[in-house]
Amino acid sequence: MDPSPRPAQPTRGDAVTALALGVGTGALLTTAMAFVMSVPTSGSLAIFVAVVALIVSAPVWLIGLLLLGGPVGWWLHRRGLGSPPAGATAGAVLTGLATATILLTFGNHLLADIVGSPWGFSTGLVVIGAVVGLQTIAYAYRARA
């Protein structure tokens with residue numbers, strides 16, 4: 001009788017695939033949120049806003065996951081905290097810190113003409129960061145036969 005599937009240590013391939021999934025998920029969810037939040041203020045330009053959001057958010061998520069998510073993920077792995085809740089918490093905290101830093105540095109003028117509430121957009125990004133963190137850890141530590 002075969003043993004039940006168990007979580008295995010992630011390989012480098014798992015980490016790279018989880019990174020790609022995180023970038024794709026983050027970029028697509030950010031694009032969807034930008035579209036929904038820009039419809040009331042931008043009207044018919046909301047599709048343009050969504051296209052720009054996709055083009056801008058994909059490299060931003062890639063850089064963020066490489067510079068922030070990678071080291072924190074490695075630290076969590078070394079501490080034996082490879083659980084989806086730990087990933088979700090790390091993703092939410094890191095995204096919140098990065099978003100707050102950007103908004104405080106550049107001011108609310110960065111998004112004020114596109115979305116009604118830049119801080120509401122920031123809150124949405126924190127939720128997306130939690131989803132991305134949960135997904136990357138869940139994929140990397142998935143059960144294998």
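Colleague: Where do I start with the environment of Gly82 in this structure?
Modeller: By the secondary structure assignment, Gly82 is in the loop between helix H2 (46-78) and helix H3 (84-106). It is 9.2 Å that separates the C-alpha atoms of Gly82 and Gln9, two residues lying 73 residues apart in sequence. Sequence-distant contacts of Gly82, defined by excluding residues within four places in its chain, comprise Leu76, Ile137 and Tyr141.

Colleague: Hey, could you run me through the environment of Ser122 in this one?
Modeller: Note on placement: Ser122 falls in helix H4 (residues 118-140). On the accessibility criterion, Ser122 (6% relative accessible area) is buried. Taking the C-alpha atoms as reference points, Ser122 and Ala100, separated by 22 residues in sequence, lie 7.3 Å from one another. With near-sequence residues (within four places) excluded, Ser122 lies in contact with Thr99 and Leu103.

Colleague: Sorry, what's going on with H3 here?
Modeller: In an α-helix, one turn spans 3.6 residues; hence positions three or four apart end up facing the same way. With 23 residues, H3 ought to run about 33 Å at 1.5 Å a step, and its terminal C-alpha atoms sit 32 Å apart, in line with that. Residues of H3 that are buried include every one of Ala86, Gly87, Ala88, Ala90, Gly91, Ala92, Thr95, Gly96, Thr99 and Leu103, and no others. The secondary structure elements touched by the buried residues of H3 are H2 and H4.

Colleague: Sorry if this is basic, but what is going on with the pattern of salt bridges here?
Modeller: Side chains that differ in sign of charge can pair as their charged atoms come close. Overall, the coordinates contain one salt bridge when judged by the stated rule. The salt bridge involving Asp14 is made with Arg142; its shortest N-O contact spans 3.2 Å. You can see Asp14 sitting in helix H1 (residues 12-42) and its partner Arg142 sitting in the loop between H4 and strand S2 (143-144), a full 128 residues away along the chain. By relative accessible area, Asp14 is classed as buried at 7%.

Colleague: How should I be thinking about the UniProt feature "transmembrane region" (unreviewed entry) in the chain in this particular structure?
Modeller: Mapped onto this numbering, the UniProt entry annotates "transmembrane region" (unreviewed entry) at residues 16-39, 45-76, 88-107 and 119-141. Within the segment residues 119-141, helix and strand shares are 96% and 0% respectively, and the terminal C-alpha atoms sit 33 Å apart.

Colleague: Is there a simple way to explain the confidence of the model for the chain in this structure?
Modeller: When pLDDT drops low, the exact placement of atoms in the prediction is not to be read closely. On average, the chain scores 85 in pLDDT, and the residues at 70 or more come to 86%. The least confident element of the chain, judged by mean pLDDT, is strand S1 (residues 6-7) at 52; the most confident is H2 at 92.

Colleague: What's the story with H4 in this structure? I'm lost.
Modeller: Compared with an ideal rise of 1.5 Å per residue, which puts 23 residues at 33 Å, H4 spans 32 Å between its outermost C-alpha atoms and is within 8% of the ideal. All buried positions along H4 are accounted for by Pro118, Phe121, Ser122, Gly124, Leu125, Ile128, Gly129, Val132, Gly133, Thr136, Ile137 and Ala140.

Here is what the cut-offs are and how they apply
- Residues numbered from 1 in each chain as written.
- Predicted model: local features only at pLDDT ≥ 70, side-chain atom pairs only at ≥ 80, totals over all residues.
- Heavy atoms only, no water.
- Helix = DSSP H or I, 4+ residues; strand = E, 2+ residues; numbered from the N terminus.
- Contact = heavy atoms within 4.5 Å.
- Buried < 20%, exposed > 50% of the residue type's maximum accessible area, 1.4 Å probe, protein only.
- Expected span 1.5 Å × (residues − 1).
- Salt bridge = Lys/Arg side-chain N within 4 Å of Asp/Glu carboxyl O.
- UniProt positions renumbered as here; feature names shortened; annotations may be inferred.
- pLDDT = per-residue confidence, 0-100.

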